[in-house]
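Summary of structural features
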Amino acid sequence: MDIVKYQYPVLFKFVNRILPLLLSAFIFVFALFLFIVRISNQDILEAGEMNAALAGLFGALLVSVLAIIVHLSFPDLWVQNGSFQIRTECYKSRWLKWEDIRAIEEHQLSSERHRLHNVLVDQISPIYTFLGIVQKMNGRGFVLSDRIRNYQELLQILRTNRPDLFNN
């Protein structure tokens with residue numbers, strides 16, 4: 001069987017996956033540049049000034065981690081022969097079985113206008129634990145949005161392969 005790719009539109013990918021990484025990289029490089037300039041000019045002589053400069057770098061690092069989490073939130077799904085794989089520009093899972101999905105929950109921001117689901121899968125990268133914490137999931141997982149192409153078809157595949165995870 002061929003691989004069926006369920007992907008988000010280019011604009012959605014840019015806004016939700018590429019832009020956060022670009023902005024956080026810019027912020028981090030700028031903070032690092034300011035830190036290096038201050039050290040090279042020997043402006044940081046007192047401990048308090050050094051702590052402030054390090055706090056700026058730490059803040060930029062935190063923004064970068066959050067950007068990575070946002071980037072990983074909405075992966076594309078590739079489906080083949082009873083298995084699936086999640087992919088972003090920076091991450092590709094191994095091929096997973098439908099049984100690896102532990103739960104499918106309604107996302108806290110889901111509405112009638114835009115459907116969102118938390119898909120919990122323990123066999124994906126540990127970085128998804130942080131995504132689970134940020135998105136208030138009960139473990140590792142990702143968000144499935146109705147913005148993904150062929151959303152209804154993908155939802156039907158999930159319902160067919162894991163009917164136990166759906167209330168209706």
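In what follows, the accompanying structure is described. By convention here, each chain's residues receive numbers from 1 onward along its written sequence. Where local features are concerned, this predicted model is filtered to residues with pLDDT of at least 70; where side-chain atom pairs are given and counted, the filter is 80 or more; whole-chain, interface and lining totals use all residues. To get the side-chain values, all heavy atoms of the structure are used, and hydrogens and water are removed first.

Here we take up the overall build of the chain. Strands here mean DSSP runs of E at least two residues long; helices mean DSSP runs of H or I at least four residues long; both are numbered from the N terminus. For the chain, the count of helices and strands is 4 helices and 7 strands. Secondary structure elements of the chain, listed N to C terminal, follow the sequence β-α-α-β-β-β-β-β-α-β-α. Note that the radius of gyration is over C-alpha atoms, with the globule rule given as 2.2 Å times the number of residues to the power 0.38. A compact globule built from 168 residues should have a C-alpha radius of gyration of about 15 Å, whereas the chain, at 20 Å, is more than 25% larger. A principal-axis box enclosing the C-alpha atoms of the chain has dimensions of 65 × 30 × 30 Å. Burial classes: relative accessible area under 20% of the type maximum marks a residue as buried, over 50% as exposed, and values in between as partly exposed (1.4 Å probe, protein chains only). Within the span of the chain, comprising 168 residues, buried residues form 40% of the whole. Any two residues whose heavy atoms approach within 4.5 Å are treated as being in contact. Of the contacts formed within the chain by residues at least 6 apart in sequence, a portion of 56% connects residues at least 24 apart.

This part covers the sheet that holds strand β5 (residues 101-106). If DSSP finds at least two bridges between two strands, the strands pair. Taken together, 3 strands build an open sheet; the order of strands is β5-β6-β7 and the sheet is antiparallel. Each having just a single partner strand, β5 and β7 (141-145) make up the two edges of the open sheet. Neighbour to neighbour, the strand axes of the sheet diverge by 25 degrees on average, direction disregarded. In this sheet, strand β6 (residues 116-121) lies alongside β5 in antiparallel orientation, the contact comprising 5 bridges. Paired with I104 across the strands is V119, a residue of β6. The axes used here are C-alpha line fits, helices contributing only the stretch in contact, and every angle between their N-to-C directions lies in the interval 0 to 180 degrees. Each of β5, β6 and β7 touches helix α4 (residues 151-161); the most contacted strand, β7, lies at about 135 degrees to it.

Quick look at the environment of V63 now. Within the secondary structure, V63 sits in helix α2 (residues 47-73). Taking the C-alpha atoms as reference, V63 lies 8.0 Å from F28; in sequence the two are 35 residues apart.

Look at N81: it is not a glycine, yet its phi comes out positive at around 45 degrees. Here N81 lies in the loop between β2 (76-80) and β3 (83-87). For K136, which is not glycine, the phi torsion reads 60 degrees and is therefore positive. Take K136: it is sitting in the loop between α3 (127-134) and β7.

Another aspect to go through is the pattern of salt bridges. Here, a salt bridge means any side-chain nitrogen of Lys or Arg that lies within 4 Å of a carboxyl oxygen of Asp or Glu. On inspection of all chains with the given rule, the structure shows 8 salt bridges. Across the salt bridge formed by E106 and R115, the nearest N and O atoms sit 3.8 Å from each other. A relative accessible area of 24% means that R115 is categorised as partly exposed. Among the salt bridges present, the one from R147 reaches D146, with a minimum N-O distance of 3.9 Å. Under the relative-accessibility criterion, D146 is labelled partly exposed at 21%. The network of salt bridges with common partners includes K13, R17, D76 and E89.

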